[in-house]
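What the coordinates show
What follows is the residue order along each chain.
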Amino acid sequence: MNQKYEKIFQPYIFPSGVEVKNRIMMAPMTTYSSDDQGVVTDDELAYYAERSAGVGAVVTACAYVSAGGKGFPGQLGADDDFFIPSLRKLAETIQSNGSKAILQIYHGGRQSPPELLPDNQPVSASAIASSEEAPVPREMSEDEIQDVIKAFGEATRRAIEAGFDGVEIHGANTYLLQQFFSPHSNRRTDKWGGTLGKRLIFPLTIVNEVERTVAEHAEKPFIIGYRLSPEEGSNPGITLDDTIQFVDRLANQNLDYLHISVGHFWNGSFRESDRTKSRIVKIYDKVGNRIPVVGVGSLHTPDEVAEALETGVPFIALGRELLMEPHWIEKIRSGKEAEIRTTLSKKDQHELVIPDPLWEKLIRIKGWLPVVE
């Protein structure tokens with residue numbers, strides 16, 4: 001192995017005490033490949049098995065915590081004890097290759113397609129649609145808010161009983177937790193909205209519920225991560241200053257990491273006057289001495305990952321890279337980084353072990369992956 005990649009392979013111990021073998025995790029990516037009930041399929045298990053041998057940890061595709069928050073066809077379910085055997089199969093598949101298994105838990109809020117919901121009615125912090133074309137969600141009642149908080153705790157319990165090594169709370173990508181944080185989607189005047197401090201109450205209460213569940217049910221160290229998007233393009237919308245205040249609060253929680261969801265690791269703010277410095281690095285500079293920060297975004301080569309790690313950010317998540325090259329880590333370790341795939345060939349589905357529903361999405365999303373004939 002080339003010595004300049006040595007840091008990629010350094011073990012890491014999270015605050016909870018869970019140790020991983022290197023500094024790379026597989027980023028959460030929707031697979032669309034569970035069955036109609038939300039049970040993991042054999043094709044989905046094969047997909048994870050192919051990608052979990054090299055990385056230190058795998059964050060799964062998001063699993064819905066309640067039926068009213070389902071966001072995708074073929075999404076993994078975690079809203080009932082019925083799913084524990086399914087989740088156990090997924091955890092064991094990932095762990096059998098030496099990686100830690102982290103279940104991402106999720107509620108879609110106003111982003112949930114009505115046709116996937118029991119009552120065909122999305123819910124959110126307020127009755128504000130995400131766009132003119134989108135359905136108007138129903139503003140959540142106090143009872144519904146409490147039910148969702150409990151649902152995140154129950155999904156965490158199921159992850160523990162299924163043998164996962166941790167959960168990642170999905171507070172990014174405009175889904176429900178971000179909808180409460182955002183001044184665009186949260187226009188409430190009660191204790192759950194209004195000022196920035198009030199808009200933080202819902203996501204922080206869910207963090208507390210997950211932490212309480214882990215303390216009650218976990219018999220060994222268990223990872224809790226939180227994923228967030230640092231800015232929104234809407235006006236009003238989340239600013240980077242809002243996020244800096246939020247991560248300052250999150251750093252006081254018993255979390256193992258903050259996963260910053262951006263398109264490119266090095267991109268600066270698109271709202272603030274300082275547009276040159278990486279938003280991930282800004283967040284790391286603010287709280288990195290108190291909580292680990294996971295960087296992500298268009299780091300395709302080992303040289304690019306090594307450069308990002310030099311900022312001090314201790315962990316990098318890879319998504320598209322592991323779709324195109326499931327053995328990204330192994331090829332670097334064996335000195336074969338020149339053999340890493342950098343395009344997705346339409347002929348390579350079976351070799352790459354990608355389920356049909358996911359494959360159909362990948363070859364049709366323009367610009368997300370370099371697809372070649």
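This write-up is about the structure you can find in this document. If you're wondering where the values come from, they're calculated on a predicted model, not measured in any experiment.

Focus: the overall build of the protein
- Regarding its fold elements, the protein presents 13 helices and 16 strands.
- Here the C-alpha atoms of the protein give a radius of gyration of 20 Å, agreeing with the 21 Å that 2.2 N^0.38 yields for 373 residues.
- Looking at the protein as a whole, 57% of its 373 residues qualify as buried.
- Restricting to contacts in the protein with at least 6 residues of sequence separation, those with at least 24 account for 69%.
- Surface exposure of the protein reaches about 14700 Å², of which carbon and sulfur atoms provide 47%.
- With 40 positive and 53 negative side-chain charges, the protein shows a separation of 3 Å between the mean positions of the two kinds.

Focus: the packing of aromatic side chains
- Scanning the entire structure with this criterion turns up 16 aromatic pairs.
- With centroids separated by 5.3 Å and ring planes inclined at 35°, the aromatic side chains of Phe-14 and Phe-315 adopt a geometry described as tilted. Of the two residues, Phe-14 is situated in the loop between β1 (12–13) and β2 (19–20) and Phe-315 in strand β14 (residues 315–318); the sequence distance between them amounts to 301 residues.
- The exposure class assigned to Phe-315 is buried, which follows from its relative accessible area of 1%.

Side note on the pattern of salt bridges
- With the rule as written, the count across this model stands at 20 salt bridges.
- The shortest N-O distance in the salt bridge between Arg-290 and Asp-248 comes to 2.7 Å. You can see Arg-290 sitting in the loop between α8 (279–287) and β13 (293–296) and its partner Asp-248 sitting in helix α7 (residues 240–250), a full 42 residues away along the chain.
- The partner of Glu-360 in a salt bridge is Arg-364, with the nearest N and O atoms 2.5 Å apart.
- Classification of Glu-360 as partly exposed rests on a relative accessible area of 39%.
- The structure contains a network of salt bridges with shared partners spanning Asp-81, Glu-154, Arg-157, Arg-158 and Glu-161.

Here's the deal with the side chain of Ser-33
- Within the element layout of this structure, Ser-33 appears in the loop between β3 (24–26) and α1 (42–51).
- Beyond its immediate stretch of four places on either side in the chain, Ser-33 contacts Thr-41, Glu-44, Gly-74, Pro-355, Pro-357 and Leu-358.

So, the pairing of strand β7 (residues 100–106)
- Taken across its 7 residues, β7 has 6 buried, putting it largely inside the fold.
- Note that strand β4 (residues 57–59) and β7 share 3 bridges and pair parallel. Considered in β7, the bridge of Val-58 is made with Ala-101.
- As judged from the 2 bridges shared by strand β5 (residues 63–64) and β7, these two strands associate in the parallel manner. Across the sheet, the residue bridging to Tyr-64 is Tyr-106, located in β7.

Quick notes on α7
- Taken together, the buried positions of α7 are Leu-240, Asp-242, Thr-243, Ile-244, Phe-246, Val-247 and Leu-250.
- On the buried face of α7, the contacting elements are α4 (176–181), α5 (196–199), α6 (201–217), β11 (223–228), β12 (257–260) and α8.

Here we look at the pairing of β14
- The side-chain alternation of β14 yields two buried faces, one formed by Phe-315 and Ala-317 and the other by Ile-316 and Leu-318.
- In this structure, β3 lies alongside β14, joined through 3 bridges in parallel fashion. If you follow Met-25 over to β14, its bridge partner there is Ala-317.
- The sheet contact formed by β13 and β14 spans 3 bridges and is parallel.

As for the side chain of Ser-229
- Residue position: Ser-229 is located in the loop between β11 and α7.
- Among the residues examined, Ser-229 registers a relative accessible area of 9% and is labelled buried.
- There is a polar contact of 2.8 Å between the side chain of Ser-229 and the backbone nitrogen of Asn-173.
- Once residues within four sequence positions are removed from consideration, Ser-229 is found in contact with Gly-171, Ala-172, Asn-173, Gln-178, Thr-243 and Ser-261.

Digging into the nonpolar core
- By size, the foremost hydrophobic cluster in this structure holds 104 residues, and its most contacted members are Leu-103, Ile-169, Phe-202 and Tyr-226.
- Considering each element in turn, this core owes the most residues, 8 residues, to helix α3 (residues 142–161).
- In this view, Ile-169 contacts Ile-105, Phe-152, Leu-177, Ile-206, Val-207, Val-210, Ile-224, Gly-225, Tyr-226 and Arg-227; residues no more than four positions away in its chain are not counted.
- Residues Phe-14, Val-59, Val-294 and Val-296 belong to the second largest nonpolar core, which totals 15 residues.

Conventions adopted
Residues numbered from 1 in each chain as written. Predicted model: local features only at pLDDT ≥ 70, side-chain atom pairs only at ≥ 80, totals over all residues. Heavy atoms only, no water. Helix = DSSP H or I, 4+ residues; strand = E, 2+ residues; numbered from the N terminus. Rg over C-alpha atoms; globule rule 2.2 N^0.38 Å. Buried < 20%, exposed > 50% of the residue type's maximum accessible area, 1.4 Å probe, protein only. Contact = heavy atoms within 4.5 Å. Areas by Shrake-Rupley, 256 points an atom, 1.4 Å probe, with all protein chains shown as cover. Lys, Arg positive; Asp, Glu negative; His and termini not counted. Charge placed at Lys NZ, Arg CZ, Asp CG, Glu CD. Phe/Tyr/Trp six-rings, centres within 6.5 Å; stacked < 30°, edge-to-face > 60°. Salt bridge = Lys/Arg side-chain N within 4 Å of Asp/Glu carboxyl O. Pairing = 2+ DSSP bridges. Polar contact = N/O pair within 3.5 Å; in protein donor to acceptor, adjacent residues only side chain to side chain. Core = buried A, V, L, I, M, F, W, Y, C linked by side-chain atoms within 4.5 Å.

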